[in-house]
Amino acid sequence: MADLQLHSGQKNGRAGRAAILLLVVALFLAPVVLHSHLYVIFVLCTIGIYVIVNSGLDIVYGYSGQISIGQAGFYAIGAYASALLSVRLGVPVLLTMIAGALAAAVVGIIIAAPATRVEHHFLALVTIGFGEIVWLVFQNGGAFTGGADGVVAIPPLKLGSLEFSGYRSYYYVILVCVILALMVKASIIDSRIGRAFMAIKYNPQASAAFGVDLVKYKVTAFAIGAFYAGLGGALYAHLIWFVSPETFTLNQSVLFLTMVLLGGAGTLWGPVIGTVLLIVLLEVLQGFGTYQMAVYGVIIMLILFFMPKGIVGGIEGMFRKLKVAGPV
Amino acid sequence: MAGLTWIISLLTAFPFSGCEDKADSVRIGFFGPLTGPTAQAGQALRNGALIAIDEINAEGGLLGKPVILIEQDDRSSPEQAVKSVIRLVHLSKVTAIVGSLHSGNILAAAPVIEQSGTPMVGAGTSPTWLEKGYTCLFRAVGNSELSVSELARYAKRAGIKKVSVIQSNDEYGMVGGRLFAEYATRAGIEISANESFTHGDRDFTGQFVKMLKVEPDAVLIWALGDDLGALTKQLRQAGYDGLVLGAEGYTLPQVLKIAGKAADNVVFPAQYLVPEQPQDAPDPLMRSFLTRYFERFGEMPVSDNAFRGYDSVRIIAEAIKRANTLDREKVCRAIGNIEGFEGLAGRFTFKGFAGEGIHEMRFFRITDGKYVEIEH
Amino acid sequence: MFLHVLINGLVLGVFYALAALGFSLIYSASGLMTFVQGDFFMLGAFIAYTLFVILKLPFVIAFAVTLGLLFVVGLLTHKVVIGPLLRRGSGAIHIVLATIGLAYFFENFAMLAWGTEVYNFPSVFGDEAIQMAGLSIVPEKLWVVFIAVICMLMLHFFMTRTKMGTAMRAASQNRVAAGVLGVNVPMTEGLTWAIAAMIAAVGGVLLAPIYGVYAMMGVRISLKGFAAAVVGGYGNMYGAMAGGILFGLLETFSSTYISSEFKDITTFAALLIVLFYLPTGIFKSPIIEQA
């Protein structure tokens with residue numbers, strides 16, 4: 001099973017590592033080089049946030065095989081927790097972000113309890129139901145959650161005397177989080193936990209027979225995925241300085257899943273590629289006016305048509321074909 | 001491989017909108033829901049703006065330059081709204097913005113707009129986004145607080161003692177419902193029931209049972225146009241014949257068509273009506289707008305947001321003319337100084353108010369399927 | 001009042017049942033999840049609107065032609081999108097993504113082709129309440145339940161009493177065996193999608209006078225229909241019908257007697273609880289592993 005290759009940076013050896021290093025340096029220099037292009041910096045910030053959320057979703061779906069269409073629920077919990085704690089109680093933003101991610105993880109553990117009992121479309125429905133309930137709670141939460149009005153004037157992150165109230169400075173915060181998130185994911189994949197995930201994904205019964213505690217690992221996967229989403233949500237809240245329930249609907253969960261699937265689930269770079277591709281695509285499509293979403297739908301189907309297993313899978317397929325063809 | 005190249009070439013074939021170097025034009029930005037569940041309103045808003053721009057260009061443009069509208073779809077998402085506004089302000093370098101309908105999107109984009117000093121004239125009716133102290137945001141229509149306070153006053157004068165309320169559970173509905181309850185209670189009217197529903201839902205059994213059980217003198221329906229038809233029809237089917245106090249969405253002919261006879265005995269505040277034909281419009285400004293709209297788009301506006309879009313652009317244009325410059329801050333201040341400017345919504349006076357321009361509502365009652373203006 | 005709530009709950013439930021049926025059929029035939037059923041609802045409503053309101057054809061003809069057209073749309077969806085993707089190696093989850101893309105396309109296509117507003121579909125059976133046995137009843141609602149039940153019965157007969165229906169059931173139980181016995185399995189799959197689209201069209205036409213016709217009308221129905229299908233026992237036709245009706249009743253009763261604000265929370269929470277104790281749904285259903 002070719003998909004069982006563990007896709008971490010190390011796999012591609014020195015060339016791969018050099019490329020990654022170059023990419024990281026370029027990303028660090030971006031705000032300097034693109035100083036006047038605030039729009040690009042902002043888009044990069046949103047890409048960073050989505051990469052974190054999607055990497056978490058990938059751990060749940062791509063690695064432990066649990067389909068989740070409720071990632072926006074954890075995203076919401078992280079965002080709201082961080083927003084409410086910092087706005088209502090004046091807690092420093094760094095702490096509220098961590099609290100938000102942890103709150104999401106805790107809820108992830110709670111929701112994993114019914115989630116691990118069901119599979120496939122039943123699980124899909126459980127996660128959809130979860131997402132809907134979270135959104136409805138925030139929408140109907142009255143003065144506590146701000147209800148339909150949302151929470152405004154969310155303070156930016158402050159570290160000591162540094163205030164990250166501009167997109168250029170906040171970009172670095174997000175970039176650091178993205179790098180950490182991907183590094184942690186890479187090490188999880190390569191660890192015993194990661195291998196347990198993959199075993200569960202490909203053959204749950206055999207794994208159980210071999211003594212793998214299915215429930216423990218499934219719950220762990222959910223918790224990690226939720227933590228990533230919560231962190232992404234918290235970063236979002238302090239980027240836009242405003243949260244409202246309409247951001248956290250089923251559509252958002254579907255968007256996350258779309259990015260993961262198009263990029264290639266079960267890989268380190270798949271969610272990254274999928275995120276970049278879709279966010280850039282959605283901006284390019286603005287030129288199509290009222291036709292843009294119809295074109296969007298068609299493009300999704302086209303991408304699937306040419307790369308039925310996502311882009312990373314498609315590119316690897318191409319490399320394999322090239323390797324097989326090889327120099328004569 | 002061929003597939004990938006094909007997709008990449010498709011994507012790069014269409015340039016980023018707004019990147020064109022139209023140095024010699026007046027650029028007005030637009031962000032609103034062009035797709036999605038409220039596309040009806042968003043597209044109407046844009047269409048109205050385009051008509052105003054057509055008119056201005058036909059008269060020689062502004063400051064001798066042609067005016068263009070740079071559109072962004074905010075997809076009803078606050079995050080996308082921020083992205084769109086950053087693009088309009090920093091990439092397309094617009095002079096002013098015709099704003100979105102959703103107060104959530106406006107609130108999200110407000111910091112960017114304010115920081116850049118770009119004036120924005122918005123179409124959303126929620127009072128919240130003008131209560132945060134922003135100096136560059138303006139409204140092209142009466143806000144919902146004005147509407148519901150007038151409704152409460154009307155109810156008081158009509159001797160109504162008990163009102164059952166149903167509102168959509170989005171920002172629009174909740175704000176309207178809450179403010180009405182405040183004004184009504186202050187006027188001595190009892191809110192005998194307060195129910196909500198999700199926009200797009202079509203089963204109101206539970207809500208109506210509870211609302212009608214208490215035998216109210218009047219029912220307040222506060223929702224957007226596309227829900228109103230079904231709501232009114234089912235309310236009558238549930239056995240209620242009395243007075244209905246409504247939101248401005250009742251101005252849409254489609255609501256009358258869907259509700260049919262059920263829409264009789266509905267009273268609602270609005271700035272303007274959407275007539276069946278251009279000739280039916282009472283005042284000349286409206287008539288010429290509708291005629292042009294019909295010519296360009298082949299139909300009458302399907303949402304009163306078309307009027308808001310038209311007024312927004314004309315307000316911006318007036319300010320640019322008065323300030324005689326495209327400098328954002330100066331245009332912003334010029335809008336703030338406008339007094340008594342005739343628009344489709346009435347006479348706009350921004351001077352002395354924190355962004356609100358309309359301070360009066362007209363009242364209409366639906367009788368025998370027709371709109372009749374009434375005293376209030 | 002109780003009867004009033006019951007009737008409205010049944011009407012709602014019947015719509016959810018029609019939506020759920022489509023999901024169940026497709027899953028039982030091919031093990032695939034789909035997100036595009038709601039859009040078949042919507043297309044059915046729009047096509048019927050065009051035929052009945054714009055072209056002023058008699059209702060029965062408009063109804064029949066709509067069903068026929070949606071049958072073709074379902075067939076084409078399988079032939080042009082689903083089938084080719086499956087042959088190229090897409091997994092079940094990629095098909096889900098493809099149906100999501102298709103849904104975006106259909107919704108926006110409808111908006112571009114017909115327009116963004118809510119169109120009025122005049123009531124065919126009378127939407128004014130009449131007095132019957134001391135109760136105030138809207139005839140349209142009774143007719144809706146009646147027609148929907150007839151359609152479900154017809155589907156039942158088709159599946160159990162006709163050769164084609166039996167072949168479809170055989171293929172869904174065991175593709176390989178059915179193929180060996182001479183059943184054209186890809187064709188039965190395509191037929192399933194066609195019938196699912198047709199059922200959705202029935203729902204759309206019946207729904208139109210009550211909902212109004214607009215591009216996004218299928219979205220929430222789709223979600224609740226999917227939920228009903230899963231709770232009823234995904235892949236089990238009768239489970240889907242029962243699940244749908246249960247869902248409709250649950251929604252209207254909780255909205256009346258508990259709280260209308262939280263009715264959606266109540267229904268989804270109930271759903272989670274059911275799935276917690278009955279992880280495969282209320283009725284037995286096959287779990288079809290996708291390669």
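Residues numbered from 1 in each chain as written. Chains lettered and ligands numbered in written order. Predicted model: local features only at pLDDT ≥ 70, side-chain atom pairs only at ≥ 80, totals over all residues.

A word on the overall build of chain C. Each helix and strand in chain C was counted, giving 11 helices and two strands. For chain C, the sequential pattern of α-helices and β-strands runs α-α-α-α-β-β-α-α-α-α-α-α-α. For 291 residues, the compact-globule estimate of 2.2 N^0.38 gives 19 Å, and chain C sits close to it at 19 Å. Each principal axis of the C-alpha atoms in chain C carries an extent, and together these give about 60 × 50 × 35 Å. (Helix = DSSP H or I, 4+ residues; strand = E, 2+ residues; numbered from the N terminus. Rg over C-alpha atoms; globule rule 2.2 N^0.38 Å.)

Residues and elements named next belong to chain B. Of all seven residues in strand β6 (residues 162–168), six are buried, a share of seventy percent or more. When β6 meets strand β7 (residues 190–197), the two strands line up parallel, connected through seven bridges. Following the sheet pairing, serine 168 is matched in β7 by phenylalanine 197. Across five bridges, the pairing between β6 and strand β8 (residues 218–222) is parallel. Looking at β8, one finds that isoleucine 166 is bridged to isoleucine 221. (Buried ≥ 20, exposed ≤ 12 C-beta atoms within 10 Å, placed from the backbone. Pairing = 2+ DSSP bridges.)

Within the fold, Arg88(A) resides in helix α3 (residues 71–88). Separated by 155 residues in sequence, Arg88(A) and Val243(A) place their C-alpha atoms 14 Å apart.

Residue and element names in this part refer to chain A. For chain A, per-residue confidence averages 88 on the pLDDT scale, and residues scoring 70 or more make up 95% of the total. Taken element by element, chain A is modelled with least confidence in helix α14 (residues 311–325), mean pLDDT 74, and with most confidence in α3, mean pLDDT 96. Low pLDDT, under 50, characterises residues 1–10; the predicted model gives this stretch 17 contacts beyond four residues in sequence or across chains. (pLDDT = per-residue confidence, 0-100. Contact = placed C-beta atoms within 7 Å.)

Once that is clear, we can look at helix α4 (residues 103–116) of chain B. Residue and element names in this part refer to chain B. With 14 residues, α4 extends 19 Å from end C-alpha to end C-alpha; this agrees with the ideal 20 Å at 1.5 Å per step. Here α4 lies mainly inside the structure; 10 of its 14 residues are buried. Within the sequence span of α4, burial applies to Ser103, Gly104, Asn105, Ile106, Leu107, Ala108, Ala109, Ala110, Val112 and Ile113. Glycine 117 sits one or two positions beyond α4 and adopts a positive phi of about 70°. (Expected span 1.5 Å × (residues − 1).)

It is worth spelling out the interface of chain A and chain B at this point. One frequent convention defines the size of an interface as the accessible area lost when the parts assemble. On the chain B side, the residues contacting the 31 residues of chain A number 35 residues. Of all elements in the fold, only α2 (38–63), α12 (270–284) and α13 (292–306) of chain A reach the threshold of two or more residues within the side of chain A that touches chain B. Residues that form the side of chain A that touches chain B fall into these classes: 17 nonpolar, 12 polar and two charged. (Nonpolar A, V, L, I, M, F, W, Y, C, P; charged D, E, K, R; others polar.)

What follows deals with the interface of chain A and chain C. Between chain A and chain C, the residue contacts involve 31 residues of the former and 36 residues of the latter. Of all the secondary structure elements, the ones that give two or more residues to the side of chain A that touches chain C are α5 (120–139), α11 (250–263) and α13 of chain A. It is α5(A) that contributes the most residues to the side of chain A that touches chain C, 10 residues altogether. Residue composition of the side of chain A that touches chain C, grouped by class: 21 nonpolar, seven polar and three charged.

One turn of the α-helix equals 3.6 residues, which is why residues spaced by three or four share an orientation. Relative to the 28 Å expected for 20 residues at 1.5 Å per residue, α5(A) spans 29 Å between its end C-alpha atoms, a close match to the ideal helical length. By the criterion of burial, α5(A) is predominantly enclosed, with 19 of the 20 residues buried.

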